[in-house]
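Working through the structure, step by step
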Amino acid sequence: MTQTQIRDGLNGTLHDLRERQIDMHQDEDRQVVPGAFFHKDPDAEMLLHWSSPRGRILELQSEVKLPGSWFGLHLGLDLPDLANIGFLGFAARTAAAQPVTIRACIRSGIEGGGFHDCFFDRHILAQPEESDYMAMIAPSRRPLLPQQAPWREFVLFLPTTHGVHLAICDLRFFAI
Amino acid sequence: MANSAAVLDLALVIPTWNDAEGLSRLLRQAADMGCFAEVIVVDDGSDIPIRLPTDAAGMKLLRHDRPRGPGVARNNGLAAVSAPYVLFFDADDLLTAELPDLVADLADELRAGRGFDFCLFRHADSRVTAEERWGQPIWDEDLWQQAGLSVAILQAPPAEVWPVLARTANYPWNKIYRTAFLQDNGIGLGETLVHEDVVLHWLGFLAAERVLVSTRTCAWHRVSRQSGRLTNLCGPERLQIFTPLEQVATAMAAANLAWLQAFAIFALGLVDWNASIIVPPLRIRLRAREADFLRTAMADWPRRLESTDPALARHLTDRMKGVG
């Protein structure tokens, strides 16, 4: 795959979100656009409102009625083969009404079922003032990260014990 | 406040004085963005008269024979606006890439039948950029946060939080105004050389029926210590500060306590800032004028504020006596 093909494969869904304008959606709409969806612990009770403003990725507001174990925004990555990729990462611009930490990982599907999560080292700290963040992993230094995977996702794990009002102003992946 | 327009026809009004280079840069930027229905340049008596580019379609040039200050220039520009919405801008500042998206957001509001009197948007400041960050100075960000407006791309905050927002920097160029709102309410810029924007800012908030706030950063404000800039004046013109303050304080007579509190904090802070930059020999005169201003324009404010903010009430009383 060429660098351009890799970049486009990683960023297609984000490009779609950035270009489209989607008005506020309610809790039942879990799919944002094809390749992007929210997923929560089925035991949790949450209200979720989200929109995709013009030129931005997402704005979301959650209200937790019953805490759960996980709640994430999943973005599909067209990246089955990590061979020849020295660094895989992302840059994000976020803002939040109250400071909140978010963890990010690359989830790789495993043949026969299941998946493996490879977490980026640092948390994203979203705060009222818009701030930029960048993180990367070196696949060769992550022996447990499968080089080949039938599917991959980028997952942003959001708070499960309290509500959040968060803007993901921009998000872009890179693989070099 | 009826708005039936499906698009946002926006005028850009730019006062300029001896800054052909900055103006040229801004006009190029505005043309590239393609979101202005008209551009009005007001040459405030530049030594070498401003000339517009030869391909200046949709641009209008007004000229003062002698410098009359940015307030008069903006007012004359406003009088020449035919578009239903207007953005005032300074020639040495820059628009940012998010402005066309904001204009489109506002057009959506109109299309949905939700008119507005003005929209306040975020700005970036060169002092923040110098710290290798992007955005507004922390004192404005804190107020946005206090008002709960840090995240949503566009919202109409309840009137209860407007006094908080009014305490943000009183710039004219971080708002898109409805032209008829300003004209119908007789709101314009003050005609003093400095702080001419105080009147537009505060009277705008006081008269508005619907205010929008956008977290899009649409202007980059350049703060420069360069001589010749009005912000850097530190002589007797600084004593003119009380003209716009009196005008707003008078308009506040019937306002509720939240407005009195907000404006009192703002006014005392603004006088302090002027005291910090005015030449030392004029500092005593500035403080004497402040005491006069407070005793005449805000005489009963300490009594009215006593129950909600006793510390501020005491502070006002002290400053009326020329102490504190």
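Residues numbered from 1 in each chain as written. Chains lettered and ligands numbered in written order. Predicted model: local features only at pLDDT ≥ 70, side-chain atom pairs only at ≥ 80, totals over all residues. Heavy atoms only, no water.

Moving on to the pattern of salt bridges. Enumeration over the complete set of coordinates arrives at 32 salt bridges over all chains. Note that E131(B) is salt-bridged to R133(B), the shortest N-O span being 2.8 Å. Judged by relative accessible area, R133(B) falls into the partly exposed class, the value being 36%. D272(B) is paired through a salt bridge with R319(B); the nearest N and O atoms lie 2.8 Å apart. Here R319(B) lies in helix α13 (residues 310-320) and D272(B) lies in helix α10 (residues 257-277), a separation of 47 residues in the sequence. Of the residues examined, D272(B) reaches a relative accessible area of 30% and is grouped as partly exposed. The exposure class of R319(B) is buried, given its relative accessible area of 4%. Taken together, the shared-partner salt bridges in this structure form one network comprising R54(A), R56(A), E130(A), E98(B), D101(B), D105(B), D108(B), R111(B), R122(B), E141(B) and R216(B). (Salt bridge = Lys/Arg side-chain N within 4 Å of Asp/Glu carboxyl O. Buried < 20%, exposed > 50% of the residue type's maximum accessible area, 1.4 Å probe, protein only. Helix = DSSP H or I, 4+ residues; strand = E, 2+ residues; numbered from the N terminus.)

Further remarks concern the packing of aromatic side chains. According to the stated counting rule, one finds 21 aromatic pairs over all chains in the structure shown. Seen from their ring centres, F118(B) and F181(B) are 6.5 Å apart, and the 35 degrees between their planes marks the pair as tilted. Taken together, the positions of F118(B) in strand β6 (residues 118-125) and F181(B) in helix α7 (residues 179-184) put the pair 63 residues apart, joining distant regions of the chain. The two residues F118(B) and F181(B) agree in class, both being buried. Measuring from centroid to centroid gives 4.2 Å for Y171(B) and W173(B), while their planes differ by 20 degrees, and the two rings are stacked. Per residue, the accessibility class of Y171(B) equals that of W173(B), and both read buried. Here a set of aromatic residues connected by ring pairs shows up, and it is made of F88(B), F118(B), Y177(B), F181(B), W202(B), F205(B), W259(B), F263(B), F266(B) and W301(B). Note that R107(A) overlies the ring of F115(A), its terminal NZ or CZ placed 3.8 Å from the centroid. (Phe/Tyr/Trp six-rings, centres within 6.5 Å; stacked < 30°, edge-to-face > 60°. Lys NZ or Arg CZ within 6 Å of the ring centre and 35° of its normal.)

Bringing the interface of chain B and chain A into the picture now. With 18 residues of chain B at the interface, the matching set in chain A holds 15 residues. Looking at the side of chain B facing chain A, the largest losses of area belong to Q145(B), V151(B) and I153(B), adding up to 36% of the total buried there. Linking chain B with chain A are five salt bridges, by the criterion used here. Measuring nitrogen to oxygen at the nearest pair gives 2.8 Å for the salt bridge that ties R54(A) to D108(B). Linking chain B with chain A are nine residue pairs in polar contact (both at pLDDT 80 or more). Taken together, the elements giving at least two residues each to the side of chain B that touches chain A come down to α3 (99-111), α5 (138-146) and β9 (211-221) of chain B. Of the residues assigned to the side of chain B that touches chain A, the class counts are six nonpolar, four polar and eight charged. (Contact = heavy atoms within 4.5 Å. Buried area = accessible area lost by both parts, 1.4 Å probe. Polar contact = N/O pair within 3.5 Å; in protein donor to acceptor, adjacent residues only side chain to side chain. Nonpolar A, V, L, I, M, F, W, Y, C, P; charged D, E, K, R; others polar.)

What follows concerns the state of the cysteines. Put plainly, two cysteines are in a disulfide when a covalent bond ties their sulfur atoms together. According to the stated counting rule, one finds zero disulfides over all chains in the structure shown. Among the cysteines around C118(A), which has no disulfide bond, C105(A) carries the closest sulfur, lying 7.8 Å off. Of the cysteine sulfurs around C119(B), a residue in no disulfide, the closest is that of C218(B), at 7.8 Å. Judged by relative accessible area, which is 0%, C119(B) ranks as buried. (Disulfide = S-S within 2.5 Å.)

With that settled, the discussion passes to the confidence of the model for chain B. Residue and element names in this part refer to chain B. In this model, chain B carries an average pLDDT of 93, and 96% of its residues clear a pLDDT of 70 or more. In this model, residues 1-5 is a region of pLDDT below 50 whose contacts with residues beyond four sequence positions or in other chains number 13 contacts. Predicted as a complex, the structure gets a pTM of 0.90 and an ipTM equal to 0.81. (pLDDT = per-residue confidence, 0-100.)

Residues and elements named next belong to chain B. In the contact formed by helix α11 (residues 283-297) and α13, the axes pass within 8 Å of each other and the chain directions differ by 120 degrees. If you check the angle between α11 and α13, you find them oblique. Contacts from R287, E290, A291, L294 and R295 of α11 reach α13 at L316, R319 and M320. In terms of residue class, the contact of α11 with α13 is made up of four nonpolar, no polar and four charged. (Axes fitted to C-alpha atoms, helices over the stretch in contact; angles between N-to-C directions. Parallel < 35°, antiparallel > 145°, perpendicular 65-115°, else oblique.)

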